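Per-entry structural report
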Amino acid sequence: EPEVTQTPSHQVTQMGQEVILRCVPISNHLYFYWYRQILGQKVEFLVSFYNNEISEKSEIFDDQFSVERPDGSNFTLKIRSTKLEDSAMYFCASSEEQGARSPLHFGNGTRLTVT
Amino acid sequence: DQQVKQNSPSLSVQEGRISILNCDYTNSMFDYFLWYKKYPAEGPTFLISISSIKDKNEDGRFTVFLNKSAKHLSLHIVPSQPGDSAVYFCAASGGGTASKLTFGTGTRLQVTL
């Protein structure tokens, strides 16, 4: 079964550094998302992306965050200047159609640790 | 922001018995509800969903019940199997075509032999 792949599985960075988290969504999916889960807390929506544009973003997704689909297969999340509170598991997801009726397929996540 | 709540952080059930996981929500704009299962070191996996126009949806051993007036949904797993041991997240989506999911905090289910 096709799956969403994320790299790296674990990223350690120093506060203030830039990080790029990478994702390869399922090939025929058109809608892409980033969610995150801080340890012990719930999974939170960050951003959704369609047709090379952000379609929706949460209040967490401030100017420090950006997303890009640099080519036909990758979908990236960049954090410009990481803070300690950015430490979390970041999940990429994709779906075939828009709307919750088209279930999201999640990757296995990238654990980001900011020291 | 506690729009979706799962008040039981953990649940232990014997193999073969019924597991009932509960979820409450506060936002009346939510019109679609989903359950995801998550194993350690993996992403959430879609399990089952229900539209607000229905009160029950069944898929094999999994049934989701929705009580709109009480803003409550539950996931029933019958019979429970050891492989069902995982964290279960309730999620909700509101109106229109928005795909944003609001998740609960999860319930860790352990199915014992």
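Structure shown above.
Let's shift gears to the interface of chain B and chain A. Listed by partner, the interface residues are 23 residues for chain B and 17 residues for chain A. Summed over both partners, the interface of chain B with chain A buries about 1,800 Å², with 59% contributed by carbon and sulfur atoms. Sorting the residues of chain B by area buried against chain A places Ser99(B), Lys100(B) and Phe103(B) first, and these three jointly supply 29% of that buried surface. Joining chain B to chain A, the criterion identifies 0 salt bridges. At the boundary of chain B with chain A, the tally comes to 4 residue pairs in polar contact (both at pLDDT 80 or more). Broken down by secondary-structure element, the contributors of at least two residues to the side of chain B that touches chain A are strand E4 (30-38), strand E5 (45-51) and strand E9 (86-94) of chain B.

Moving on, we come to the pattern of salt bridges. Residues and elements named next belong to chain B. With the rule as written, the count across this model stands at 3 salt bridges over all chains. Salt-bridge contacts for Glu58 lead to Lys56; the nearest nitrogen and oxygen are separated by 3.9 Å. The exposure class of Lys56 is partly exposed, given its relative accessible area of 43%. A salt bridge links Asp84 to Arg61; its shortest N-O distance comes to 2.8 Å. Of this pair, Asp84 sits in the loop between strand E8 (72-77) and E9 while Arg61 sits in the loop between strand E6 (56-59) and strand E7 (62-67), and the two are 23 residues apart along the sequence. On the basis of relative accessible area, Asp84 is assigned to the buried category, the value being 2%.

With that out of the way, let us pick up a nonpolar patch on the surface. All names here are of chain B. There is a patch of nonpolar side chains on the surface, built from Ile18, Ile20 and Val78 and spanning about 230 Å² of accessible area. By secondary structure assignment, the location of Val78 is in the loop between E8 and E9. For Val78, a relative accessible area of 41% corresponds to the partly exposed category.

Here we take up the sheet that holds strand E7 (residues 65-68) of chain A. Residue and element names in this part refer to chain A. An order of E1-E3-E8-E7 is seen for the 4 strands of this open sheet, with the pairing classed as antiparallel. Strand pairing shows two members of the sheet lacking a second neighbour, strand E1 (5-7) and E7, which therefore form its edges. Each strand of the sheet is rotated relative to its neighbour by a mean of 20 degrees, with strand direction disregarded. Relative to strand E8 (residues 75-79), strand E3 (residues 19-24) is paired through 5 bridges, and the arrangement is antiparallel. Across the sheet, Cys23 pairs through a bridge with Phe75, a residue of E8.

Attention now goes to the pairing of E6(B). Residue and element names in this part refer to chain B. One ladder, built from 4 bridges, connects E6 with E7; its direction is antiparallel. Each bridged residue has a counterpart across the sheet, and for Glu58 the counterpart in E7 is Thr63. With antiparallel pairing between neighbouring strands as the criterion, E6 and E7 make up a hairpin whose turn holds 2 residues, including Gly60 at a positive phi of roughly 65 degrees.

Turning our eyes to something else, we now look at the sheet that holds strand E1 (residues 4-5) of chain B. All names here are of chain B. The 5 strands lie next to each other as E1-E3-E8-E7-E6, forming an open sheet whose pairing is antiparallel. Every other strand in the sheet has two partners, leaving E1 and E6 as the edge strands with one partner each. Pairing analysis gives 6 bridges linking strand E3 (residues 19-25) to E8, with the strands arranged antiparallel. In the strand pairing of E8, Leu21 is matched with Leu75.

What counts and what doesn't
Residues numbered from 1 in each chain as written. Chains lettered and ligands numbered in written order. Predicted model: local features only at pLDDT ≥ 70, side-chain atom pairs only at ≥ 80, totals over all residues. Heavy atoms only, no water. Contact = heavy atoms within 4.5 Å. Buried area = accessible area lost by both parts, 1.4 Å probe. Salt bridge = Lys/Arg side-chain N within 4 Å of Asp/Glu carboxyl O. Polar contact = N/O pair within 3.5 Å; in protein donor to acceptor, adjacent residues only side chain to side chain. Helix = DSSP H or I, 4+ residues; strand = E, 2+ residues; numbered from the N terminus. Buried < 20%, exposed > 50% of the residue type's maximum accessible area, 1.4 Å probe, protein only. Patch = residues over 30% accessible without salt bridge, like charges linked within 9 Å, V, L, I, M, F, W, Y side chains within 5 Å. Areas by Shrake-Rupley, 256 points an atom, 1.4 Å probe, with all protein chains shown as cover. Pairing = 2+ DSSP bridges. Axes fitted to C-alpha atoms, helices over the stretch in contact; angles between N-to-C directions.

The quantities given are spatial measurements derived from coordinates; they are silent on function.
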